[in-house]
Amino acid sequence: MKKIILIILTVLLLVSCKTKPQIVEDIIVEVEKDIEVEEPVFEILSIAIIQADLINTQFETILKIENPNAFPVELSAIRYELFGNGLLWADGIENNLLKVPAKDSLETKFIFSMNFINMNRRLLDDVIAMRRVQYNFKGDAYVRALASRVKTFTMKYNISGYSEVKPKSN
C-alpha cells in the first residue's frame, strides 16, 4: 500500500512539475502582450549662452522628457550639433542625463563648451555685448525604457531660434 501511494505521489509531482513552467511562461507572455508602449515626448526648453572668456564659452541647455508609459524611462544619451551663423559651434554626446518615472515628466540641464579660436569675431562681439545670438541645435535623443523587451526610442530633433546670453556667474 505504501508503495502504491509513493508511486502515485511521485507521478503527481512529476506531472505538476512538468506543466507548471509552461503556465508561468504563458502568463509572462500574456502580461508582456498587454504592455502598451507610447513614445516619450522630448523637448528642448531653452538654450542659453553663458557670457564668455576670451577663448571659451559655455552653453546651458534645458531638456524635458514626458513619459506617458506605465514604466520608467531614461534619457540615456543625446547626440548634438550646435550651429550659429552657418558655422558649427559645438558637437558631442552627453550620457546618462535623466530617469523619468512612469506617467511623469522631468527636466534636466546640461552644459557644454565652445572654443572661439576658429569662430567669426562678430560672434564673440555679440556674446560679449550680450546680444541675442541665432542658433540651430540638432541631433538625436536616445530614450531607453526601463522595462524588459521594450525597444529604445531614438528621437531626432532640429530646433532653431535665438539664444539669450546670460552673464557669467562667479
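This one's a predicted model, so the numbers in the text were calculated from it and none came from an experiment. (Residues numbered from 1 in each chain as written. Predicted model: local features only at pLDDT ≥ 70, side-chain atom pairs only at ≥ 80, totals over all residues. Heavy atoms only, no water.)

**Student:** Could you give an account of the overall build of the chain, with specific residues and numbers?
**Tutor:** The helix and strand inventory of the chain stands at two helices and seven strands. Walking the chain from its N terminus toward its C terminus, one meets helices and strands in the order α-β-β-β-β-β-α-β-β. Looking at the chain as a whole, 34% of its 170 residues qualify as buried. Considering only contacts within the chain whose residues lie at least 6 apart along the sequence, 67% involve residues at least 24 apart. Carbon and sulfur atoms form 55% of the exposed surface of the chain, whose accessible area is close to 11000 Å². (Helix = DSSP H or I, 4+ residues; strand = E, 2+ residues; numbered from the N terminus. Buried < 20%, exposed > 50% of the residue type's maximum accessible area, 1.4 Å probe, protein only. Contact = heavy atoms within 4.5 Å. Areas by Shrake-Rupley, 256 points an atom, 1.4 Å probe, with all protein chains shown as cover.)

**Student:** Help me get a handle on unusual backbone geometry, residues and values and all.
**Tutor:** The backbone of Lys103 shows a phi angle near 55 degrees, a positive value even though the residue is not glycine. Under the relative-accessibility criterion, Lys103 is labelled exposed at 59%. Unusually for a residue other than glycine, Met130 sits at a positive phi of about 60 degrees. Tracing the backbone shows Met130 in the loop between helix H2 (121–128) and strand E6 (133–145).

**Student:** Can you explain the nonpolar core? Please cite residues and give values.
**Tutor:** Among the nonpolar cores identified, the biggest contains 37 residues, and Phe42, Leu75, Trp89 and Phe137 are the most heavily contacted of them. Going through the elements one at a time, strand E1 (41–50), strand E2 (56–67), strand E3 (73–84), strand E4 (87–100), strand E5 (104–115), H2, E6 and strand E7 (153–166) are the ones with two or more residues in this core. A per-element tally of this core places E6 first, with six residues. Not counting the four nearest positions on each side in its chain, Leu75 is found in contact with Phe42, Leu63, Ile65, Asn96, Leu97, Leu98, Ala141, Tyr142 and Val143. (Core = buried A, V, L, I, M, F, W, Y, C linked by side-chain atoms within 4.5 Å.)

**Student:** So what's going on with the side chain of Glu74? Residues and values would help.
**Tutor:** Here Glu74 shows up in strand E3. Non-local contacts of Glu74, meaning those with residues more than four positions away in its chain, are made with Asn96, Leu98, Lys99, Tyr142, Val143, Arg144 and Leu146.

**Student:** Describe the pairing of E3, listing the residues and the values that go with them.
**Tutor:** Summarising burial for E3: nine of the twelve residues are buried, a large majority. Counted along the chain from E3 to the antiparallel partner E4, the turn is two residues long, and its residue Asn85 has a positive phi close to 50 degrees. The pairing of E3 with E6 spans ten bridges and is antiparallel. Each bridged residue has a counterpart across the sheet, and for Phe83 the counterpart in E6 is Asn136. (Pairing = 2+ DSSP bridges.)

**Student:** Mind laying out H2, listing which residues take part and the relevant values?
**Tutor:** Every buried residue of H2 is listed here: Leu123, Leu124, Asp126 and Val127. Along H2, the residues classed as buried sweep out an arc of 160 degrees about the axis, all on the same side. Seen from the buried face of H2, the exposed residues on the opposite side, beyond 90 degrees, are Arg121 and Arg122. Looking at the buried residues of H2, the elements they touch are E1, E2, E4, E5, E6 and E7. Following H2 by one or two positions, Met130 has its phi on the positive side, about 60 degrees. (Arc of directions from axis to C-beta.)

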